[in-house]
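Observations on the model geometry
Next come the chains, spelled out residue by residue.
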Amino acid sequence: SVENPNWWFSVSFDRKLFDVQHVDKLCLIIEEKITDNLLIDIIKRLFKSEAVRIELGGGYLGRGFPQESTLSSILINIYFNGFDKEIQEMRLRMNQENPKFNPNEIVSTSSSAFYKPVKMYTVRYLDEILVITSGSKILTMDLKNQVLKFLEKNLDLKVDRVRTAVHSAVSEKIDFLGMELQAVPPSVLHPPMSEKAIRARKKYLRQKEVRALELRNARETNRKKLGLKIMSHVFKKLKRSNGFKFDFQIESEVREIFRTWADEVVHEFFGSVDERWNWHRQLSAGDFLSLRKIRDQLPHELVDSYDNFQEQVDKYLKPVKARKALEEEERRVEEEEERKYAERTIEDLTKLCMKVSAPIELVRKAVKMAGFTNHMGRPRPINLLMALEDSDIIKWYAGAGRRWLDFFCCCCNFKMVKIVVTYHLRFSCLLTLAEKHESTKREAIRHYSKDLKVFDINGTEEVHFPTEREIKMMGDNNLSDPKPVDGALTIALIRLASDEPAYRCVTHFCDRTDTIVYRIRLLQSHLNVNPLDEKKWVSGMGAIHESLNWKCLPLCADHISDLYMGKLTLQDFDCTAFVDVD
């Protein structure tokens, strides 16, 4: 919905935990709406005991990590409620200073006058803030100063002023929610057909015409054969029935069949300008009867019949009107193309739209770091997952793939993300299954198929990984619930080989005791990489806290499946119920 963006900036916070002054301010904000001392006391105790922990600028919010409580997002939105109101007031003041005009009210001597109102757009998701303006750079810098002043004085937040800089929306990209934003002309988002595509379309239309002609010729041949059979049958019946008497009447059926065929033939004939022109030229050629000396020597009835015949030929066969209609249609199509081209050119010169792109290089780096591909970018097996069941391996891959597809569904380069999922992740899963069973990739594809089908205990076929057809049919959608792939990609649960006693499932509100104990293996520990090192770690991708590595947790069959598929996160588990296994 952002139109004609010129300048923008994103607010970057220094990595800092919510301390006592922030908690006190949060409680004051809550007390303005709710009078409940017990609730305020509970919130303070939660922060004091670190059961609720908020770290701004750390890249952990909204990712389902256990170091973030499920209450954090609610409390952050409450804390930033005053900021949201201030932004709304700033937008109202800007609208008053720059009133809207009706296009009909704009008086101009030239028809090429365009009015671009100054607007301000602000998007906030938890602690990520993006401000976009369609005005000048000076206006954007003033807005930035007002925003930073409110955040630092009213909310006591520490802002990184070096990283919070104003950038050009046209010449520079900006990162927001793990995506790349840039202002581009409309033709970039909706490009016209290229010359190659136009040639391919014309080739397809020609092939379609050839197939239609072949079908028409085959239909005419079949009609000819069937007509001869009908005529032969009718003739035999007439000979055997002593005249025109026979047991059943087929005259009306035969007449209806031939009438239908004749109507279709006439309709096709009059629809072809070339055939009509050919017949008209043959019937009107050599008109010696139009000479005066010849006409005077012939009877008047013959001359009148010839004139009448020529009139009918000119009336029905001379394709002058049809030719003019075709030329008029071609001219109209050309004018329509010129008009569309002019509109596209004007829009490209006068209008800017938002282009949202997935960071493909970061996605490929994450794919390589997680072990899906080798140093040449080709799929490879992940040895860490070979201890899992076949269905759990597929579910782990499916959880990572579906998270990527759901998160980047609004990007213009969504096709590249689909290639990563349908090729790199799919064949890495097949290679992992083949390596586990000491077979080849071809044998694994023959057994599981490319859709990675498995069977449950009852023999029912299950498909967890998105099929190739399903991924191919996916189109652009709106991002409704941002759930990055970090939580599903940076953790692997390995089932313990020893028989442990029955424990209760650690999932909240689950009382099942038919559980299996799994051990947590974190990606950064397996690779021995520090997540804070942006050179070795993927920029913008979070990581689960190191203290959970090698922890054991009992889970029931339903919840381990939901965790692999990305439907649950470690926030949905009771971390105090983890078990100690030597």
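Residues numbered from 1 in each chain as written. Predicted model: local features only at pLDDT ≥ 70, side-chain atom pairs only at ≥ 80, totals over all residues. Heavy atoms only, no water.

A word on a negative patch on the surface
Stated formally: Candidate patch residues must exceed 30% relative accessible area and have no salt bridge, after which like charges are joined if within 9 Å and Val, Leu, Ile, Met, Phe, Trp or Tyr side chains if within 5 Å. Surface exposure here means Shrake-Rupley accessible area, sampled with a 1.4 Å probe, where a residue is shielded only by the protein chains that are shown. Here, a salt bridge means any Lys or Arg side-chain nitrogen found within 4 Å of an Asp or Glu carboxyl oxygen. His is not counted here, nor are the chain ends, while Lys and Arg score as positive and Asp and Glu score as negative. Charge placement uses NZ in Lys and CZ in Arg. For Asp and Glu, CG and CD serve respectively. By the criteria applied, helices consist of DSSP H or I runs no shorter than four residues and strands consist of E runs no shorter than two, each listed in order from the N terminus.
Side chains of E327, E330, E334, E335, E337 and E338 sit close together on the surface and give a patch of like negative charge. Tracing the backbone through its elements, the reader meets E330 in helix α12 (residues 320–350).

Topic: the side chain of N413
Inclusion rule: Here the term buried applies to any residue with accessible area under 20% of the maximum for its type, exposed to any over 50%, and partly exposed to those in between, with areas from a 1.4 Å probe on protein chains only. Pairing of N or O atoms within 3.5 Å defines a polar contact, subject to two protein rules: one partner must be a possible hydrogen donor and the other a possible acceptor, and residues neighboring in sequence count only if both atoms are side-chain atoms. Any pair of residues with heavy atoms lying within 4.5 Å of one another is described as a contacting pair.
Note on placement: N413 falls in the loop between α14 (390–407) and α15 (414–436). Overall, the relative accessible area of 17% leaves N413 in the buried class. Separated by 2.8 Å, the side chain of N413 and the backbone nitrogen of A358 make a polar contact. With sequence-adjacent residues up to four places away left out, N413 is seen in contact with S357, A358 and I360.

Brief notes about the sheet that holds strand β9 (residues 353–357)
As a reminder, the rule being used: For two strands to pair, DSSP has to find at least two bridges joining them. Fitted lines through C-alpha atoms serve as axes, helices being fitted only where they are in contact, and the angles separating the N-to-C directions of these axes extend from 0 to 180 degrees.
Read across the sheet, 3 strands follow the order β7-β8-β9 without closing on themselves; strand pairing throughout is antiparallel. Looking at which strands have only one partner, the edges of the open sheet turn out to be β7 (174–176) and β9. Pairs of neighbouring strands in the sheet enclose a mean axial angle of 35°, with direction left out of account. Sheet topology places strand β8 (residues 179–184) next to β9; 5 bridges connect them, and they run antiparallel. Residue pairing for β9: L181 is matched across the bridge by V356.

Digging into the packing of helix α4 (residues 81–97) against helix α5 (residues 137–154)
Put simply, the rule is: Under this scheme an angle from 65 to 115 degrees is roughly perpendicular, one under 35 degrees roughly parallel, and one over 145 degrees roughly antiparallel; angles in between are oblique. Left-handed describes a crossing whose near helix is turned anticlockwise from the far helix by less than a right angle; the clockwise case is right-handed. Basically, the charged four are Asp, Glu, Lys and Arg, the nonpolar ten are Ala, Val, Leu, Ile, Met, Phe, Trp, Tyr, Cys and Pro, and anything else, Gly included, counts as polar.
Packing of α4 against α5 brings their axes to within 11 Å, and their N-to-C directions diverge by 155°. Taken as axis vectors, α4 and α5 run roughly antiparallel relative to one another. Of the two elements, α4 crosses α5, and the hand of that crossing is right-handed. Side by side, α4 and α5 meet where G82, F83, E86, I87, M90, R93 and M94 of the first sit next to L139, L143, Q146, V147, F150 and L151 of the second. Looking at the contact of α4 with α5, its residues break down into 9 nonpolar, 2 polar and 2 charged.

Describing the UniProt feature "coiled-coil region" (unreviewed entry) in the chain
Threshold: UniProt positions are given in the numbering used here, feature names are shortened, and annotations may be inferred rather than shown by experiment.
UniProt's entry tags residues 323–352 with the feature "coiled-coil region" (unreviewed entry), counted in the numbering of this structure. Within residues 323–352, the helical portion is 93% and the strand portion 0%, while the C-alpha atoms at the span's ends are 43 Å from each other.

Quick word on empty space enclosed by the protein
So the rule is basically this: Only protein atoms enter the 1 Å grid, on which a cavity is a set of points fitting a 1.4 Å probe that cannot get out and a pocket is an open set with protein on both sides within 12 Å along at least 5 of 7 lines, lining residues being those with an atom within 4 Å of a point. Grid points are joined across faces, edges and corners, and a volume is the space filled by probe spheres set on the points. Domain start and end points were adopted from an automatic or database domain assignment.
Summed over the entire model, instances satisfying the criterion amount to 3 cavities of 30 Å³ or more. By volume, the largest cavity is sized at about 170 Å³. As for the largest cavity, its lining consists of 17 residues, of which G487, A488, I491, L563 and L568 are closest to the centre. No other element matches strand β12 (residues 491–495), which puts 3 residues into the lining of the largest cavity. Split into classes, the residues belonging to the lining of the largest cavity amount to 12 nonpolar, 4 polar and 1 charged. In terms of domain composition, the lining of the largest cavity takes at least three residues from each of domain 1 (7–185) and domain 2 (360–572). In this structure, the second largest cavity spans a volume of roughly 60 Å³. Looking at the lining of the second largest cavity, its residues break down into 5 nonpolar, 1 polar and 4 charged.

A closer look at the layout of surface pockets
Its boundaries defined by the atoms lining it, the second largest pocket holds a volume of some 1000 Å³. Around the second largest pocket sit 37 residues that line it, and S1, L181, M354, V356 and C410 are the ones nearest its centre. Among the elements that take part in the lining of the second largest pocket, strand β4 (residues 120–125) stands out by supplying 6 residues, more than any other. For the lining of the second largest pocket, the residue count by class is 23 nonpolar, 6 polar and 8 charged. When residues of the lining of the second largest pocket are sorted by domain, at least three fall in each of domain 1 (7–185) and domain 2 (360–572).

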